[in-house]
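Summary of the model geometry
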Amino acid sequence: MTAHLEVADGVGTIRLDRPPMNALDIATQDRIKELADEATARTDVRAVVVRGSEKVFAAGADIKEMQAMDHAAMVGRARALQDSFTAVARIPKPVIAAVTGYALGGGCELALCADIRIAADNAKLGQPEILLGLIPGAGGTQRLARLVGPAKAKDLIFTGRHVRADEALTIGLVDRIVPAAEVFDTAHAYAAKLAQGPSIALRAAKESIDAGLETDLETGLTIERNWFAGLFATADRETGMRSFVEDGPGKAKFA
């Protein structure tokens, strides 16, 4: 298999494993979707980390495989490509990308599907598809623009240049930089902490933010209001409020 799901401490780690560069061929794309769906369904997975190897997160699509495809073949494949990445974005649990080495093209697009991106200090990210006479096709033109703004997204996509970790942090492409040797432990620890939180409230927060970004303010407020009221029917809300009243803030233990 070109990717695996490993579970520990309530964290499901989707690990890309296609040496040497974790090129995202069709089989790997389909495998990512399978694992995202599995992480969504498993009750023992309460948060997710997406990672590559120590030297590379994912260096993009398999260009040799793509070179053999004509227009008709890509028309038939493009939706499945997007769907495999969207499955990661729609995992209703916190998703953390642990970005090491290169995250280029499809690799950058995969990192964009996470809620939080923790990058190694030697990481390089980018959307170099323009250098192939293409544009990003797995969500890059949409998710990148929403994350860093249209002007910065156009700069990266128009030029195809690589962004070093420090610049990625400055423009909001990543959220935290740590030494390369600490990326996986940092990402797992962060996810494990979230895994101890109230799972339904975390889902509500993620879906409210993500869905709200795709609509107008009034509709977004309706989404938030409905989730907020609905959480009053959950055991986690009872646990959290009871703990606050009896023991003080921040001490609740959620099942």
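The following refers to the structure shown. In this text, all values refer to a predicted model and were calculated from it rather than measured experimentally.

Turning to the environment of Gly139, a few remarks are in order. Following the sequence through the fold, Gly139 ends up in the loop between strand S8 (124-126) and helix H5 (140-148). The spatial distance from the C-alpha of Gly139 to the C-alpha of Cys108 is 9.8 Å, given a sequence separation of 31 residues. Non-local contacts of Gly139, meaning those with residues more than four positions away in its chain, are made with Glu109 and Leu144.

Attention now moves to the side chain of Asn22. Tracing the backbone shows Asn22 in the loop between strand S2 (11-16) and helix H1 (26-41). Sequence-distant contacts of Asn22, defined by excluding residues within four places in its chain, comprise Leu16, Asp17, Gly52, Ser53, Val56, Phe57, Ala58, Ala59 and Gly60.

For the rest of this paragraph, the subject is the pairing of S2. Of all 6 residues in S2, 5 are buried, a share of seventy percent or more. As judged from the 6 bridges shared by strand S1 (residues 3-8) and S2, these two strands associate in the antiparallel manner. Of the residues in S2, the one forming a bridge with Glu6 is Thr13. At this point the chain moves from S2, through H1, to the parallel strand S3 (residues 47-51), and the crossover so formed is right-handed.

Once that is clear, we can look at the sheet that holds strand S10 (residues 176-178). Sheet architecture is open: 6 strands sit in the order S1-S2-S3-S5-S7-S10, paired in mixed fashion. Strands at the two margins of the open sheet, each flanked by one partner only, are S1 and S10. Each strand of the sheet is rotated relative to its neighbour by a mean of 20°, with strand direction disregarded. One ladder, built from 3 bridges, connects strand S7 (residues 116-120) with S10; its direction is parallel. Paired with Ile118 across the bridge in S10 is Arg176.

Two numbers describe how H1 lies on helix H3 (residues 71-89): the axes approach to 8 Å, and their chain directions differ by 40°. The interaxial crossing formed by H1 with H3 has left-handed handedness. Note on element contacts: H3 touches H1 through Arg77, Leu81, Asp83, Ser84, Phe85, Ala87 and Val88, opposite Ile26, Gln29, Asp30, Ile32, Lys33, Ala36 and Asp37.

As enumerated under the stated definition, the model contains 15 salt bridges in all. Measuring nitrogen to oxygen at the nearest pair gives 3.2 Å for the salt bridge that ties Arg146 to Glu214. Of the two residues, Arg146 is situated in helix H5 and Glu214 in the loop between helix H9 (199-213) and helix H10 (217-230); the sequence distance between them amounts to 68 residues. Glu207 is the salt-bridge partner of Arg203, the closest N and O atoms lying 2.9 Å from each other. Taken together, the positions of Arg203 and Glu207, both in helix H9 and 4 residues apart, correspond to about one turn of that helix. Judged by its relative accessible area of 37%, Arg203 is partly exposed. Classification of Glu207 by relative accessible area gives partly exposed; the value is 28%. Several salt bridges converge on common partners, so that one network encompasses Arg18, Asp25 and Asp62.

Bringing the packing of aromatic side chains into the picture now. For the structure on display, the rule yields 1 aromatic pair. Taking the centre distance of 5.5 Å and the plane angle of 75° together, the rings of Phe228 and Phe232 count as edge-to-face. Judged by its relative accessible area of 39%, Phe232 is partly exposed. Over the face of the ring belonging to Phe184 we find Arg51, whose NZ or CZ atom lies 3.5 Å from the ring centre.

Each value, and the rule that gives it
- Residues numbered from 1 in each chain as written.
- Predicted model: local features only at pLDDT ≥ 70, side-chain atom pairs only at ≥ 80, totals over all residues.
- Heavy atoms only, no water.
- Helix = DSSP H or I, 4+ residues; strand = E, 2+ residues; numbered from the N terminus.
- Contact = heavy atoms within 4.5 Å.
- Buried < 20%, exposed > 50% of the residue type's maximum accessible area, 1.4 Å probe, protein only.
- Pairing = 2+ DSSP bridges.
- Right-handed = clockwise from strand over helix to strand, strands pointing away.
- Axes fitted to C-alpha atoms, helices over the stretch in contact; angles between N-to-C directions.
- Left-handed = near helix turned anticlockwise from the far one by under 90°.
- Salt bridge = Lys/Arg side-chain N within 4 Å of Asp/Glu carboxyl O.
- Phe/Tyr/Trp six-rings, centres within 6.5 Å; stacked < 30°, edge-to-face > 60°.
- Lys NZ or Arg CZ within 6 Å of the ring centre and 35° of its normal.

Scope: geometric values only; no functional claims are made or implied.
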